[in-house]
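Below are the chains, spelled out letter by letter.
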Amino acid sequence: MAAATMTLAACGQSTTPPAASGTVAPSATVAAAKRGAGDDLKILYWQAPTILNAHLATGTKDSDAARLVTEPLASYGPDAKPLANGLAAEIPTVANGGVSADLTAVTWKLKQGVKWSDGSAFTADDVAFTFSLMADPKTAVSTSDAAEGVKSVVAKDANTVVVTYAAPNPNIYQWGVGTCCYILQKKQFEAFQGEKLKDAPGNLKPIGTGPYVVDTFKSGDVVTYKMNDQFREPTKPYFKSVTFKGGGDAPSAARAVFQTGDVDYAWNLQVEAGILKPMADTSTKGKLLTVYGSSVERIMLNFSDPSASLGAKRGEPDTKHPFFNGPDGKTVRTALAMATDRKTVAQQIYGDGLAGKAGCNIVTGVPDFESTATTDFCNKFDTTAAGKLLDDAGWKLGADNVRAKGGIKLNIVYQTTVNAVRQKTQDIMKQNWEKAGFKVELKSVPADVFFTNTSPDGANHFWADVEMFTNNSDPDFTNYLNGWTSKQATGSANNWNSANYNRYQNPAYDTVIDQLRTEKDPAKRAALFKQANDILILDVVIIPVVTRTQVTSGISNTLKNVVPTGWDSEMYAVQNFGK
């Protein structure tokens, strides 16, 4: 079993700006192979992709499926630094003159001779066009946070792009690197700008520069890909085709790679540790691949009113949750956090380090940024004390063992995806929360429905009281934390695609994020990351449950050149995969 835990102590995360990982793509370091020498690469995502335009994606399933075709300027490598394995020829830095000394401008030199899979030339105009889509509020893209504070992205010439920030920006790779910024072909999408973007045929069959092209796509089921004959690396990819199958569940995915050997790569094996570990340890066909990044399984609390009786106003940011948001809101939220048993979940379900560990921060993975101010708060697991807190605030137990005040009962609908690990976690939470006087109704939704912005049962609409899933950040947490600012509140106005599913609106928090965008001093930036984290945890916007391994996948023993990163898509270097 291959298990890697990322150490970031030497990753330069506290420097400003961060160093580049190098200008040589990892694909250049592996042995050359003949393009198409391999047969079909079989990848299994038990959460099936539903769209192949990453800018309209809600879930990792979609973004990862798109990464085989479309690429960013650069990736975040295993060392959490930018890596020039995408469309950029090198990583711009202050030292090489690519980043202005005042941190307002980043000049990206693009690889020359790159072609789209239709044979046309990739140019800087495509990059600038992609930014224009991301910055247009009418497109309602899920990646819009990466465009905040970006004044312009301009094609200086066919092979040079200049990103200009509105103010000095210590997060100089905010735009262009990683999952935020897959470059779309201008020719394919220029007729679908603004509100029309959601109707673009390219959302289901994008033309790209990556190693593969979409052959067939059945949304919610399977994508098949063929080699991109125009791909810039003449010996890549090794596999002539890819079958990216969705559906099933995490245990069946684990069996497919560890027991039957039916697939080469099985993603996100969120399987109970007592089942996963022996399956991987005894397998002769596959091995477990894990790496930590910033992934946190969290419980999100809804600050808007999800009541169906509100009709068109249901869940809109200007509504208020009946007991999480208001005079008693902080008290009720705190009681819920006090009745949350993280330790049991981490030990019994995630294997106490196998696939996750108990955690209490949303900013994690970079030691310099991790707060200790939340530790005592999270260690107060006490259902009796939680009940007393509510009792003292006037939330009295009724004959039905549910607390109520002013005619409002503490009834909670708790939603997440269909997954045995998550259902077991729900059971533990329900048992403890009900001891404190809440009534908990559990709801589980198929993942391809849950992670879709158009779904009333989805995470974005959040028509429930609490919900649970995992998300993660790139190495600079500014964009990630921006996802809880007031202007990112999800609602119909942004086609339910903005990042603030909680609809949390706190001017003090917004100010911290504004400061992060301009603060250059590394120590002060680290303090701001901790401050933002502490607001989200201590104001009980989020209840972190488990710090998860960001990669928890099974790979065939015969699959080679798979180097996981905890800071980008698992498919960030699929062109290197071989046998």
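Please refer to the structure placed before this passage.
Every chain begins its residue count from 1, and numbering advances along the sequence as written. Reporting of local features is limited, given that this is a predicted model, to residues whose pLDDT is at least 70; pairs of side-chain atoms are given and counted only at 80 or more, and all residues count toward the totals for whole chains, interfaces and linings. Side-chain metrics in this entry use all non-hydrogen atoms of the structure; hydrogen atoms and water are not considered.

Moving on, we come to the overall build of the chain. Along the backbone of the chain there are 14 helices and 20 strands. Here the radius of gyration uses the C-alpha set of atoms, whereas the globule reference equals 2.2 Å times the residue count to the power 0.38. The C-alpha radius of gyration computed for the chain amounts to 23 Å, which stays within 12% of the reference 25 Å derived for 579 residues, consistent with globular compactness. Contacts: residue pairs with any heavy atoms within 4.5 Å of one another. The long-range fraction of contacts in the chain, counting pairs at least 24 apart against all pairs at least 6 apart in sequence, stands at 72%. Surface summary for the chain: the accessible area is close to 20600 Å², and the carbon and sulfur share equals 52%. When the 58 basic and 58 acidic side-chain charges of the chain are each reduced to a single mean position, those positions are 2 Å apart. Secondary structure elements are taken from DSSP: a helix is a run of H or I of four residues or more, a strand is a run of E of two residues or more, and numbering for both begins at the N terminus. Accessible surface area values rest on a Shrake-Rupley calculation with a 1.4 Å probe, where residue burial reflects the displayed protein chains alone. Charged-residue counts in this description rest on Lys and Arg as positive and Asp and Glu as negative, His and the chain ends being excluded. In this description, the location of a charge corresponds to atom NZ of lysine, CZ of arginine, CG of aspartate or CD of glutamate.

Further remarks concern the packing of helix α9 (residues 383-392) against helix α10 (residues 420-436). Whenever a helix is involved, its axis is fitted only over the stretch in contact; in every case the axis is a line through C-alpha atoms, and angles between N-to-C directions fall within 0 to 180 degrees. The contact between α9 and α10 brings their axes to 7 Å, and the two run at 45°. Taken as axis vectors, α9 and α10 run oblique relative to one another. Classified by chirality, the crossing of α10 by α9 is right-handed. The residues of α10 that touch α9, namely those facing T383, A386, G387 and L390, are N432, K435 and A436. Here the residues of the contact of α9 with α10 sort into 3 nonpolar, 3 polar and 1 charged. Our angle categories are set so that under 35 degrees counts as roughly parallel, over 145 as roughly antiparallel, 65 to 115 as roughly perpendicular, and the remainder as oblique. By convention, the crossing between two helices is left-handed when the near helix turns anticlockwise from the far helix through less than a right angle, and right-handed when the turn is clockwise. In this classification, the charged set is Asp, Glu, Lys and Arg, the nonpolar set is Ala, Val, Leu, Ile, Met, Phe, Trp, Tyr, Cys and Pro, and all remaining amino acids, among them Gly, are polar.

Our next topic: the nonpolar core. In this description, a nonpolar core means a group of buried Ala, Val, Leu, Ile, Met, Phe, Trp, Tyr and Cys residues linked to one another through side-chain atoms lying within 4.5 Å. Burial status follows relative accessibility: with a 1.4 Å probe on protein chains alone, a residue under 20% of its type maximum counts as buried, one over 50% as exposed, and anything between as partly exposed. In terms of nonpolar packing, the biggest core is built from 116 residues, with W108, W175 and L481 touching the most fellow members. Each residue touching L481, except ones within four places of it in the same chain, is listed here: I362, V363, Y509, I513, L516, F529, A532 and L536.

With that out of the way, let us pick up the environment of S241. Looking at the element boundaries, S241 is found in strand β10 (residues 239-246). Put simply, S241 and G77 are 164 residues apart on the chain and 25 Å apart in space, counted from C-alpha to C-alpha.

We now examine the state of the cysteines. Pairs of cysteine sulfur atoms within 2.5 Å are what we label disulfides. By the definition in use, this model includes 2 disulfides. Two residues share a disulfide in this structure: C360 and C378, whose sulfurs sit 1.3 Å from each other. Within this pair, whereas C360 is found in the loop between β13 (356-358) and α8 (375-378), its partner C378 is found in helix α8, the two being separated by 18 residues in sequence. By the burial criterion, C360 is buried, and C378 matches it. With cysteine numbering restricted to those in disulfides and following the sequence, the chain has the pairing 1-2, 3-4.

Glancing now at the sheet that holds strand β7 (residues 160-165). As summarised here, the arrangement of the 3 strands in space is β5-β7-β6, forming an open sheet in which the pairing is antiparallel. Of all strands in the sheet, those with a lone pairing partner are β5 (105-109) and β6 (150-157), marking the two edges. With strand direction ignored, the average angle separating the axes of adjacent strands in the sheet is 20°. Where β5 and β7 come together, 5 bridges link them in antiparallel fashion. If you follow W108 over to β7, its bridge partner there is V161. Paired strands, as defined in this entry, are two strands with at least two bridges between them according to DSSP.

Strand pairing in a sheet relies on backbone hydrogen bonds, with the paired strands running either antiparallel or parallel. If you trace the 3 strands from one edge of the open sheet to the other, you get β14-β15-β16, paired in antiparallel fashion. The open sheet terminates on both sides in strands that have one partner only, identified here as β14 (396-397) and β16 (408-409). Sheet topology places β14 next to strand β15 (residues 403-405); 2 bridges connect them, and they run antiparallel. Along β15, the bridge assignment pairs K396 with A404.

Let's shift gears to the pairing of β7. The element β7 is largely enclosed, with a buried count of 5 among its 6 residues. Taken together, the 6 bridges between β6 and β7 define a ladder with antiparallel strand orientation. Bridging from a neighbouring strand, V150 pairs with Y165 of β7.

A few words on the side chain of N302. Secondary-structure assignment places N302 in the loop between β12 (286-301) and α6 (329-338). A polar contact of 2.8 Å, which involves the side chain of N302, links it to the side chain of S304. Of note is the side chain of N302, whose polar atom sits 2.8 Å from the backbone oxygen of F462. Setting aside residues no more than four positions away along its own chain, N302 makes contact with H321, F324, F462, A464, D465 and N502. As used in this structure description, the phrase polar contact means that two N or O atoms lie within 3.5 Å; if the pair is within protein, one of them must be able to donate a hydrogen and the other to accept it, and residues adjacent in sequence are counted only when both atoms belong to side chains.

Relative to the elements of secondary structure, L41 occurs in strand β2 (residues 38-45). In this structure, the C-alpha to C-alpha distance between L41 and D79, residues 38 residues apart in sequence, is 26 Å.

Turning our attention to the packing of helix α7 (residues 342-349) against α10. Here α7 crosses α10 at 150°, and the two axes come no closer than 10 Å. Of the two elements, α7 crosses α10, and the hand of that crossing is right-handed. Contacts between α7 and α10 involve T344, V345 and I349 from the former and V421, K424, T425, I428 and M429 from the latter.

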